[in-house]
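Survey of secondary and tertiary structure
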Amino acid sequence: MDFASMASSRPFAKATLLCFLFALAACGGGGEEDKAAAPQTPRTPTTPPKTPSVLGYPTFDESAAALYRQNAEFNRADPSDAEENAIRSGFGARALCAGSNNAYCAGTSSYRLQNLDLAHSATLTDGRKVTGTGTLIAVVDDGYRFSHRELAGKEISLFTGSAAGIGSNSHGTAVAAIAAGKADGAGMMGVAPGAALHLSSWEDTADDTIMAHLAAATRDAARQGAVVQNNSWGFTEDVPVSEERSDFMASGETDYARFLAGRHGGAHSEWRSLISAYDAFQNTGVIVFANSNDATLDDAIAWSALPEFAPELSEAWITVSNALFEIDRRDGSILAADLLSAPCGSAARYCLTTDGTLRVPTDNTDNSYTLGTGTSYAAPQVAGDIALLAQAFPDL
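Since the model is a prediction, treat every value here as computed from it, not as a measurement.

To continue, consider the nonpolar core. By size, the foremost hydrophobic cluster in this structure holds 53 residues, and its most contacted members are Tyr111, Ile137, Leu197, Leu199, Val228, Val288 and Ile318. Contributing elements (two or more residues each) for this core: helix H5 (116-121), strand E5 (136-141), helix H6 (170-180), strand E7 (196-201), strand E10 (286-290), strand E11 (317-328), strand E14 (357-361) and helix H11 (375-392). A total of 11 residues in this core trace back to one element, the largest contributor, which is H11. Those residues in contact with Val228, other than ones at most four positions away along the chain, are Leu136, Ile137, Ala138, Phe281, Val286, Val288, Ala383 and Ile386. Counting residues in hydrophobic clusters, the runner-up holds 41 residues, among them Leu214, Trp233, Tyr278 and Ala302.

Pasting the structure below:
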């Protein structure tokens, strides 16, 4: 069984997109992998995070949001115009705003695109800000540098399960930090800096136990109260939904788990157990999966769009695509979007597209960063937004 992270860049394509919405606010909307020394042991919470009791709606403050947007840490993850143009060129795309007739056309901050300035500066009725405090974000990835300044000192629960351990890798470090990296004035910050993390890794797991390991990690995250699980990984071979649906129908199978066992290997019971774990997680949380980075595909990939084949997963599942955006700097409205990944396609009902081009932590040192793009970096932003919503609207 061959797994791979989904952070690599692929050829450029342009398509329409679904806007990403944050709560009641307006519509807006890859990296290097270097090995490093073994991570330090994170601080483990003594009790699972509790969802705060909040009555009424958050109070949004436009003036406070405007000041928050000037925070260097809020903007530090964003590329400069020159860096964005280099990425655009690498995808074969036109330069930023080169095709726009709007004199106010500009690039945008990924976090501002999601109205995180409004979210983080909003006040709940208990006086707290909307940063994800009291929520738990689960991340399944390939390793983490716990001593990196974006993660050091955070409340982190580890699930090792059948894995030999949880190693250190730039990909997982970046994904965890995008979701919930600290807001302490240094480096960048995560979308939900107040949230705790539940981290597990498939990297050091034997091939014959990986399905059981993924199911166990999902169930453990649910037991600890995770409101969302982020998955910025997939199979080495990207199979679009349209092709998978055709093959599934042609196989004569009625059980998708049995079809997966025939297509990828492993026992039918193992695939069924993983699907059941995802289904059970949705009783209390949301599953987030990164779409493929292959922009030449004409549909979402099957593994990121499992509800198409296992309808019981359609309750709380989000597929995430990646794009670069142009906005009108006067009001932040979107003028254009260039898709850098597979489209939402068949997953349109539960697919979101956001800006996955960010400067993110690596595991080279405790304060190293690199610029990259991919659905791997788009998905944890959505996972962080779910944590913000969970804090602000605990009965949602």
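When you line up the elements, Phe289 lands in strand E10. Excluding its chain neighbours within four sequence positions, the residues that come into contact with Phe289 are Asn231, Trp233, Tyr278, Trp303, Ser304, Trp317, Ile318, Thr319 and Val320.

Enumeration according to the criterion identifies 18 aromatic pairs in this entry. Ring centres of Phe248 and Tyr256 lie 5.3 Å apart, and the angle between their planes is 70 degrees; this geometry places the pair in the edge-to-face category. Neither residue differs from the other here; Phe248 and Tyr256 are each classed as buried.

Viewed as axis vectors pointing N to C, helix H7 (residues 210-223) and helix H10 (residues 268-281) meet at an angle of 15 degrees, and their least axial separation amounts to 9 Å. Compared by their axis directions, H7 and H10 come out roughly parallel. Remark: the crossing between H7 and H10 carries left-handed chirality. In this structure, H7 contributes Met211, Leu214, Ala215, Thr218, Arg219, Ala221 and Ala222 to the contact, and H10 contributes Glu270, Trp271, Ser273, Leu274, Ser276, Ala277, Tyr278, Ala280 and Phe281.

What follows is about helix H8 (residues 241-251). Among all positions in H8, only Val241, Glu244 and Phe248 are buried. On an axial view of H8, the arc spanned by its buried residues comes to 65 degrees, and they lie on one face. Exposed positions of H8 whose direction lies more than 90 degrees from the buried face are Met249 and Ala250. Looking at the buried positions of H8, the neighbouring elements they touch are helix H9 (256-264). In the segment just after H8, Gly252 is the residue with positive phi, at about 80 degrees.

Of note, Cys97 is a non-glycine position whose phi angle comes to about 65 degrees, a positive value. Judged by relative accessible area, Cys97 falls into the buried class, the value being 17%. Its identity as a non-glycine residue notwithstanding, Asn115 has a phi of 65 degrees, on the positive side. Relative to the assigned elements, Asn115 resides in the loop between helix H4 (110-113) and H5. Assessed through its relative accessible area of 13%, Asn115 is described here as buried.

Moving on, we get to the side chain of His213. Turning to its location among the elements, His213 is positioned in helix H7. With residues up to four places along the chain from it excluded, the contact list for His213 reads Phe159, Thr160, Gly161, Ser162, Ala163, Ser201, Trp202 and Thr205.

Owing to its 3.6 residues per turn, the α-helix aligns residues three or four sequence positions apart on the same side. Taking 1.5 Å of rise per residue, 14 residues should cover 20 Å, and H10 covers 20 Å from first to last C-alpha, within 8% of that figure. Listed as buried for H10 are Trp271, Leu274, Ile275, Ala277, Tyr278 and Phe281. All buried residues of H10 lie within an arc of 150 degrees about the axis, which places them on one face of the element. Looking at the buried residues of H10, the elements they touch are H7, strand E8 (228-231), strand E9 (233-235), H9, E10 and E11.

For the rest of this paragraph, the subject is the state of the cysteines. Scanning the model with the defined rule gives 2 disulfides in all. Bridging Cys97 to Cys105, the disulfide has an S-S length of 2.0 Å. Across the disulfide from Cys97 to Cys105, rotation about the S-S bond amounts to roughly -85 degrees, and the bridge is consequently left-handed. At a sulfur-sulfur separation of 2.2 Å, the disulfide partner of Cys344 is Cys351. Measuring handedness by torsion sign, the sulfur bridge of Cys344 and Cys351 sits at about -65 degrees and is left-handed. We classify Cys344 as buried; its relative accessible area is 10%. Take Cys351: its relative accessible area is 2%, and that puts it in the buried class.

Each value, and the rule that gives it
- Residues numbered from 1 in each chain as written.
- Predicted model: local features only at pLDDT ≥ 70, side-chain atom pairs only at ≥ 80, totals over all residues.
- Heavy atoms only, no water.
- Core = buried A, V, L, I, M, F, W, Y, C linked by side-chain atoms within 4.5 Å.
- Buried < 20%, exposed > 50% of the residue type's maximum accessible area, 1.4 Å probe, protein only.
- Helix = DSSP H or I, 4+ residues; strand = E, 2+ residues; numbered from the N terminus.
- Contact = heavy atoms within 4.5 Å.
- Phe/Tyr/Trp six-rings, centres within 6.5 Å; stacked < 30°, edge-to-face > 60°.
- Axes fitted to C-alpha atoms, helices over the stretch in contact; angles between N-to-C directions.
- Parallel < 35°, antiparallel > 145°, perpendicular 65-115°, else oblique.
- Left-handed = near helix turned anticlockwise from the far one by under 90°.
- Arc of directions from axis to C-beta.
- Expected span 1.5 Å × (residues − 1).
- Disulfide = S-S within 2.5 Å.

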